[in-house]
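Next come the chains, spelled out residue by residue.
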Amino acid sequence: MQLRLLNPKTFKCRTIELSRFQTVGESALGVEPFSYQGEPHMVLAQPFAGRCLILSWDYGLQRFRLEEELSAPSVVSCKPLVLGLRLFVLAARLWGGSQLWARPGPGLRLAPTQALAPKRLLRPNDAELLWLDGQPCFVVADASKAGSTTLLCRDGPGFYPRQSLHAWHRDTDAEALELDGRPHLLLASASQRPVLFHWFGGRFERRTDIPEAEDVYATRHFQASGDVFLCLTRYIGDSLVMRWDGSMFRLLQQLPSRGAHVFQPLLIARDQLAILGSDFAFSQVFHLEPDKGLLEPLQELGPPALVAPRAFAHIAMAGRHFLFAACFKGPTQIYQLHELDLSA
């Protein structure tokens, strides 16, 4: 090919890869990053160990270490919230009631301070944090047949029910996002297509549902180039990537995903990734190509393969980037991101 015909945009002189860094022995259903007193932390929801496990960075050993654990039998989600010097952790549990733990200030240990809506949270499956009218709130998706998703907002020292949503639909996942400058909430359920609610008049009102999206187990969103995208997880069939067009989400891409419970977008450094976990094969890492606006395969996580991955999260520490992979039937794996220069 003649040199004058070469297009510089077709050259890819930089790539990234994820390599295994550390293993956390117990299995986990969820993993959440948070920053407290300027230090990044991770909290793992470990149902079989019956605890929320908080990890921090050991600067001497250059590894993640245990900082504190909260007793939480049958926990499905540990959701952190930092308000100044105070740290809160919502522990959503299948049995025994969900709890709110609190740390009043640095140097103190977390302690249970409140039983959360014991008559409403029957079978929580997911918990998310969102801010409404300047106040922090938790939304807990309830998967029980007669239950309803509950919005808990701060009132004085605790969090109390503000609104019940989507009763009798066995919700499996909640995702808080912002569209057109307003808070929105997307609920996925076992009985119908995902439903989008918008914040109006001090409460959530139904806005629309997501077309062509049956049997969605979980939803996650990300932003790129001014657009809002959705990653919809389906256990059977293809998982979906959709883009907001100003009035509804439109189908953009389909990815084979048999056995998937999580399709997690993550912005790591300057790279927009999306990780599609699988119970039956290697989990796939995709990279958003800015020119095409589509997710392209980057690498597989393994061998060995992740065993029933349920959540992924990113944390930056000491100039390095790490990926946590919470697995339901195996140990949690930690990967480190490496940038490769292919120009030489």
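Everything numeric in this text was worked out from a predicted model, so none of it was measured. (Residues numbered from 1 in each chain as written. Predicted model: local features only at pLDDT ≥ 70, side-chain atom pairs only at ≥ 80, totals over all residues. Heavy atoms only, no water.)

## Description of the pattern of salt bridges
Right, so step 1: Going through the model one piece at a time under the given rule, you end up with 16 salt bridges.
Right, so step 2: Arg51 is the partner of Glu69 in a salt bridge, and the nearest nitrogen-oxygen pair spans 3.3 Å. Taken together, the residues Glu69 in strand S5 (residues 63-71) and Arg51 in strand S4 (residues 51-58) connect sequence positions 18 residues apart.
Right, so step 3: Here Arg51 falls in the buried class, since its relative accessible area comes to 17%.
Right, so step 4: For Arg270, the salt bridge goes to Glu339, with nearest N and O atoms at 3.4 Å. Separated by 69 residues along the polypeptide, Arg270 in the loop between strand S22 (263-268) and strand S23 (271-276) and Glu339 in strand S28 (residues 332-341) bring together distant segments of the chain.
Right, so step 5: Connected through salt bridges with shared partners, the residues Glu32, Lys79, Glu128, Asp173, Glu175 and Arg220 form a single ionic network. (Salt bridge = Lys/Arg side-chain N within 4 Å of Asp/Glu carboxyl O. Helix = DSSP H or I, 4+ residues; strand = E, 2+ residues; numbered from the N terminus. Buried < 20%, exposed > 50% of the residue type's maximum accessible area, 1.4 Å probe, protein only.)

## Some details on the packing of aromatic side chains
Right, so step 1: All told, the structure shown has 13 aromatic pairs when counted by the stated rule.
Right, so step 2: Through a chain of ring-to-ring contacts, the aromatic side chains of Phe21, Trp57, Phe64, Phe322 and Phe324 assemble into a single cluster. (Phe/Tyr/Trp six-rings, centres within 6.5 Å; stacked < 30°, edge-to-face > 60°.)

## Quick look at the state of the cysteines
Right, so step 1: This model, assessed by the stated rule, comprises two disulfides.
Right, so step 2: Between the sulfur of Cys52 and that of Cys78 lies a disulfide, 2.0 Å long from S to S. Disulfide Cys52 to Cys78: torsion about the S-S bond roughly -80°, handedness left-handed. Of this pair, Cys52 sits in strand S4 while Cys78 sits in strand S6 (residues 75-83), and the two are 26 residues apart along the sequence.
Right, so step 3: A sulfur-sulfur separation of 2.1 Å characterises the disulfide bridge that pairs Cys137 with Cys153. One disulfide, between Cys137 and Cys153, carries an S-S torsion of 105° and so falls in the right-handed class. Taken together, the residues span a long stretch of sequence, with Cys137 in strand S11 (residues 135-142) and Cys153 in strand S12 (residues 149-155) at a distance of 16 residues. We note that Cys137, like Cys153, is buried.
Right, so step 4: As a non-bridged cysteine, Cys231 has Cys327 as the owner of its nearest cysteine sulfur, 19 Å distant.
Right, so step 5: Among the residues examined, Cys231 registers a relative accessible area of 0% and is labelled buried.
Right, so step 6: Among the residues examined, Cys327 registers a relative accessible area of 0% and is labelled buried. (Disulfide = S-S within 2.5 Å.)

## Observations regarding the pairing of strand S18 (residues 218-224)
Right, so step 1: Among the seven residues of S18, five are classified as buried, and the element is accordingly described as predominantly covered.
Right, so step 2: Bridge count between S18 and strand S19 (residues 227-233): seven bridges; the pairing is antiparallel. Note on S19: the bridge partner recorded for Ala218 is Thr233. (Pairing = 2+ DSSP bridges.)

## Side note on the sheet that holds strand S15 (residues 182-189)
Right, so step 1: In space, the four strands of this open sheet follow the order S14-S15-S16-S17, with antiparallel pairing throughout. Two strands lie at the open edges of the sheet, namely strand S14 (171-179) and strand S17 (203-209), each paired on one side alone. Taking each pair of neighbouring strands and ignoring which way they run, the sheet shows an average axis angle of 30°.
Right, so step 2: Bridge count between S14 and S15: eight bridges; the pairing is antiparallel. Looking at S15, one finds that Glu175 is bridged to Leu186. (Axes fitted to C-alpha atoms, helices over the stretch in contact; angles between N-to-C directions.)

## Considerations on the sheet that holds S5
Right, so step 1: Taking strand neighbours across the sheet as the criterion, the four strands line up as S2-S3-S4-S5 in an open arrangement whose pairing is antiparallel. Of all strands in the sheet, those bounded by a partner on one side alone are strand S2 (30-36) and S5. Going across the sheet, the axis of each strand differs from the next one's by a mean of 25°, ignoring polarity.
Right, so step 2: Inspection of the sheet shows strand S3 (residues 39-46) paired to S4 by five bridges, in the antiparallel sense. The residue bridging Val43 from the neighbouring strand is Ile54, located in S4.

## A look at the UniProt feature "repeat: EAR" (unreviewed entry) in the chain
Right, so step 1: The feature "repeat: EAR" (unreviewed entry), as given by UniProt, occupies residues 17-59, 63-105, 109-156, 158-201, 203-246, 248-290 and 294-339 in the numbering adopted here.
Right, so step 2: This span, residues 109-156, is 0% helix and 60% strand, and a straight line between its end C-alpha atoms measures 21 Å.
Right, so step 3: Between the end C-alpha atoms of residues 248-290 there is a gap of 22 Å, over a span that is 0% helix and 63% strand. (UniProt positions renumbered as here; feature names shortened; annotations may be inferred.)

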